[in-house]
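Below are the chains, spelled out letter by letter.
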Amino acid sequence: MEGVSGPSSQSAFDKSRVLDVKPLRTLVPMFPNPPQAPPFVCSSPFGPFPSGFTPFYPFSMPQGTDEQRQGGSFRAVNHEGDFAAPAAAVPLRSFGTPQMGPHFSGASNGDTGSSMEASREIHFGDGVTGKKKRRASHLRQSDPSEKKARRVAAEVRKPDLSHVAGLPPPQREEGNREIVNLVLMKFDGVRRRLSQLEDSKEAATGLIKRADLKAGNVLLTAGFRTNSRKRVGAVPGVEIGDIFYFRMEMCVIGLHSPSMAGIDYMSVKGGLEEEPLAVCIVSSGGYDDAADDQDVLIYTGQGGGNYSGKGKQTSDQKLERGNLALERSARRANEIRVIRGIRDITNPSIKVYIYDGLYSIQDSWIDKGKSGTSTFKYKLVRVPGQPSAFATWQSVLKWKEGITSRAGLILPDLTSGAEGLPVSLVNDIDGEKGPPYFTYLRSVRYTKPLNLAEPSYGCNCHNACAPGDLNCSCIRKNGGDFPYTAQGVLVSRRPLLYECGPSCPCIPNCKNRVSQTGLKVRLEVFKTKNRGWGLRSWDPIRSGTFICEYAGEVIEKAKYDRDEGENNDYIFDTSRTFEKFKWNYDPPLVGEEASGVLSEDYDIPTPLIISAKDSGNVARFMNHSCSPNVFWQPVVYEQNGESFIHIAFFAMRHIPPMTELTYDYGLSPSESRRKRCLCGSSNCKGYFG
């Protein structure tokens, strides 16, 4: 064979000619030069990748945690498709196996755990690898109950996205408010379903998954994304004050492309050569940022060591990648989008990201960090004249901590302690001292039970009902699925949702009693400018979160027609015609048959009319909107051998603090009962009720 010497040629071999072989860890991967590079698409961190570029492990994996701005999973490009400088190679030995801390709760919204842990769990199938797979296999062999739980748990199949059309190319490149909301709703629908499936397997395997990263991967692959073309300044369809619970949400709508890195930048032509330009930054507490000022942010550059350990910088930062982009942006004075990451007060394990608008760099310098190493500092000042976002958040914190008093406060708690959380009554518009008197009720009041087509009965669980346990009758009535995620978020709208009731032997804090546990966010009844009294929240509200139920007295239709008429503004009538909308996930995006789509049409056996005129709760103050951010869901549970339907309200999408809560009142068959609509929405029909 050519190039191979036999034994007879050994003596002729010159042993002094030895190649200078370098160890593998010093080799740097060779990337194509920019002129020859293929056009780049902001793809998922896990593929698919453009033709001509095939990453290999570990350079195909995301680098850095969510709290680190070290490179990121996306390479900066300009809209013409030119590559920016590649990130420095990382030695193979630096990719260790992360260890979960002793206080790891398992409740993640995209900020918990390292990027390697996250990337390890981004796969479909049985969801276990390596040692975890062997440990799970041991559990299946040694414990029959674990084996049974795994068998009945739903499998997460790898979706076949070849027949999913996605958005048209023009809408992928540039969106609007409607398209942005559509993409976010698609993302959260897929994420909720994946969380539901993984919750059912988690009891058997003990594994914690990252449904947010899986959902982002699915949407990017299927083409459900928008604003893919990078740009300086505002992003079409994204409004100042919008909130996000996952970094991948910002990625799929083009607000901030990297799924891990804190600095997003693009390449622009500057003279004879291209240079990076920063377009967006995320300040989320991983670095020593001064982020308390409402209009000024002192931002720390990227790099300098691992912040996931003892929180200390280990080396000097370098003027490269994101740092260089910020320096060039300071020279050009271009506007930069700023996103602030804040711990959720109601759940400190969760971080909420709020888009705070456009800033510009006023100054930059090199500072000594806490560990004595050099760091880059950038002073960003908010462009004046923009709507408040982070400032509103800070005002709410001061109200809660008692640092400042709420302007226009009439009552600190109009429920007089009936709810677990106080509900403020505020009027900073005029001199009206409050709405007409009413009796506060926490729940709906029936005069007689409903006659359901199928008799309802409680479960036989003696602890907490567990996802994936088909022995639970309440789970079986919900089609075999636990209706909520582990965080208490509703997964899908249903014709009827069955919860465990007072007659069920399961524990009172069973996760299938979400609508019965009272208020979970701090609400405020306030005077609007032109629509009477309204309802809003001091806290951010996550999509699918229970807000409250519609409390009042159930009345007969004959009584409503005779006595209430058109003079009662506090009526909920299920017989009205409501605008249809899609909120649930698309089955093909999670590997399920399209024929298995869950109906979102409510199936109430008999019309339900609730009057909150004389007695009710905070729901009576929610106004109508033709573009609502809240929807209602009929919930059934059994009490004293009888079944009752309750009207529960859930967040349709993420709702920022101090945003008015609205839902669709529907249309009555009688035109005489319809009222002029003042919602101000671009989709306003002009009337409601």
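The shown structure was predicted, so the numbers you read here are calculated from the model rather than taken from an experiment.

Asker: Residues and numbers for the packing of aromatic side chains, please.
Answerer: Applying the stated criterion across every chain yields a total of 21 aromatic pairs. Judged by centre distance (6.1 Å) and plane angle (25°), the ring pair of Phe 631 and Phe 650 falls under stacked. Here Phe 631, found in strand 20 (residues 630-639), pairs with Phe 650, found in strand 21 (residues 642-651); they are 19 residues apart in sequence, far enough to count as distant. Phe 650 sits in the buried class, given a relative accessible area of 0%.

Asker: Can you break down the sheet that holds strand 21 residue by residue, with the values?
Answerer: Pairing in this open sheet of four strands is mixed, and the strands run 11-20-21-14 from one edge to the other. Each edge of the sheet is formed by a strand with only one pairing partner; in this case those strands are strand 11 (497-498) and strand 14 (546-549).

Asker: Which residues make up helix 9 (residues 390-401), and what values go with them?
Answerer: Taking 1.5 Å per residue, 12 residues should reach 16 Å; helix 9 reaches 17 Å between its end C-alpha atoms and fits that length. What helix 9 keeps buried is the set Phe 390, Ala 391, Trp 393, Gln 394, Val 396 and Trp 399. The inward-facing, buried residues of helix 9 abut strand 1 (243-244), strand 5 (336-343) and strand 6 (351-368). Backbone geometry just downstream of helix 9 places Gly 402 in the positive-phi region, at approximately 75°.

Asker: Give me unusual backbone geometry: which residues, what numbers.
Answerer: One non-glycine residue with positive phi stands out, namely Ala 333, at about 60°. Along the chain, Ala 333 turns up in the loop between helix 8 (321-332) and strand 5. Backbone geometry places Ser 416, a non-glycine residue, at a positive phi of 55°. Counting through the fold element by element, Ser 416 comes out in the loop between strand 8 (409-411) and strand 9 (424-426).

Asker: So what's going on with the UniProt feature "domain: Post-SET" (unreviewed entry) in the protein? Which residues, and what values?
Answerer: The sites that UniProt annotates as "domain: Post-SET" (unreviewed entry) are residues 673-689. End-to-end, the C-alpha atoms of residues 673-689 are 6 Å apart, and along that stretch the chain is 0% helix and 24% strand.

Asker: How would you explain helix 6 (residues 211-222) if you had to name every residue and give the values?
Answerer: Because an α-helix packs 3.6 residues into every turn, residues spaced three or four apart end up facing the same way. When the terminal C-alpha atoms of helix 6 are compared, their 16 Å separation across 12 residues agrees well with the 16 Å that a helix rising 1.5 Å per residue should span. Of all 12 residues in helix 6, 11 are buried, a share of seventy percent or more. Within the sequence span of helix 6, burial applies to Ala 211, Asp 212, Leu 213, Lys 214, Ala 215, Gly 216, Asn 217, Val 218, Leu 219, Leu 220 and Ala 222. Phi turns positive one or two residues past the end of helix 6, at Gly 223, with a value near 90°.

Asker: Any chance you could break down the nonpolar core for me, citing the residues and the numbers?
Answerer: One finds Phe 244, Ile 253, Leu 255, Ile 339 and Leu 589 to be the most contacted residues of the largest nonpolar core, which totals 51 residues. Apart from residues lying up to four places away in sequence, Ile 253 is in contact with Val 180, Val 183, Leu 184, Thr 226, Asn 227, Val 235, Val 238 and Phe 244.

Asker: Tell me about the sheet that holds strand 8, and name the residues and values.
Answerer: With mixed pairing, the four strands of this open sheet are ordered in space as 8-9-12-13. Both edges of this open sheet fall to strand 8 and strand 13 (533-537), since each of them pairs with a single strand only. Each neighbouring strand pair of the sheet contributes to a mean axis angle of 35°, computed without reference to strand direction. Pairing of strand 9 with strand 12 (residues 523-527) involves three bridges; the strand directions are parallel. Counterpart to Ser 424 in the pairing with strand 12 is Glu 524.

Asker: Provide a residue-level description of the pattern of salt bridges, including the pertinent values.
Answerer: All told, the structure shown has 33 salt bridges when counted by the stated rule. Here Arg 210 ties to Asp 212 by a salt bridge, and the two come within 3.0 Å at their closest N and O atoms. Comparing Arg 210 with Asp 212, the two get one shared label, buried. Notably, a salt bridge pairs Arg 442 with Glu 419, separated by 3.6 Å at the nearest N-O pair. With Arg 442 in the loop between strand 10 (439-440) and helix 10 (473-477) and Glu 419 in the loop between strand 8 and strand 9, the pair connects residues that are 23 residues apart, well separated along the chain. Connected through shared salt-bridge partners, Lys 186, Arg 493, Lys 582, Asp 586 and Glu 600 make up one network.

Asker: Lay out the pairing of strand 3 (residues 273-283) in plain terms, naming residues and giving numbers.
Answerer: Counting buried residues in strand 3 gives nine out of 11 residues, a clear majority hidden from the surface. Linkage of strand 2 (residues 263-270) to strand 3, two consecutive antiparallel strands, is achieved through a turn of two residues, within which Gly 271 is found at a positive phi near 80°. Inspection of the sheet shows strand 3 paired to strand 5 by four bridges, in the parallel sense. Residue pairing in the sheet places Val 282 in a bridge with Ile 339 of strand 5.

Asker: Pulling in residues and values, what's your account of the side chain of Ser 668?
Answerer: Here Ser 668 lies in the loop between strand 22 (662-663) and strand 23 (675-676). For Ser 668, a relative accessible area of 7% gives the class buried. In this structure, Ser 668 is in contact with Arg 576, Arg 673, Arg 674 and Gly 689, ignoring residues within four places of it in sequence.

Cut-offs used in this document
- Residues numbered from 1 in each chain as written.
- Predicted model: local features only at pLDDT ≥ 70, side-chain atom pairs only at ≥ 80, totals over all residues.
- Heavy atoms only, no water.
- Phe/Tyr/Trp six-rings, centres within 6.5 Å; stacked < 30°, edge-to-face > 60°.
- Helix = DSSP H or I, 4+ residues; strand = E, 2+ residues; numbered from the N terminus.
- Buried < 20%, exposed > 50% of the residue type's maximum accessible area, 1.4 Å probe, protein only.
- Pairing = 2+ DSSP bridges.
- Expected span 1.5 Å × (residues − 1).
- Contact = heavy atoms within 4.5 Å.
- UniProt positions renumbered as here; feature names shortened; annotations may be inferred.
- Core = buried A, V, L, I, M, F, W, Y, C linked by side-chain atoms within 4.5 Å.
- Axes fitted to C-alpha atoms, helices over the stretch in contact; angles between N-to-C directions.
- Salt bridge = Lys/Arg side-chain N within 4 Å of Asp/Glu carboxyl O.

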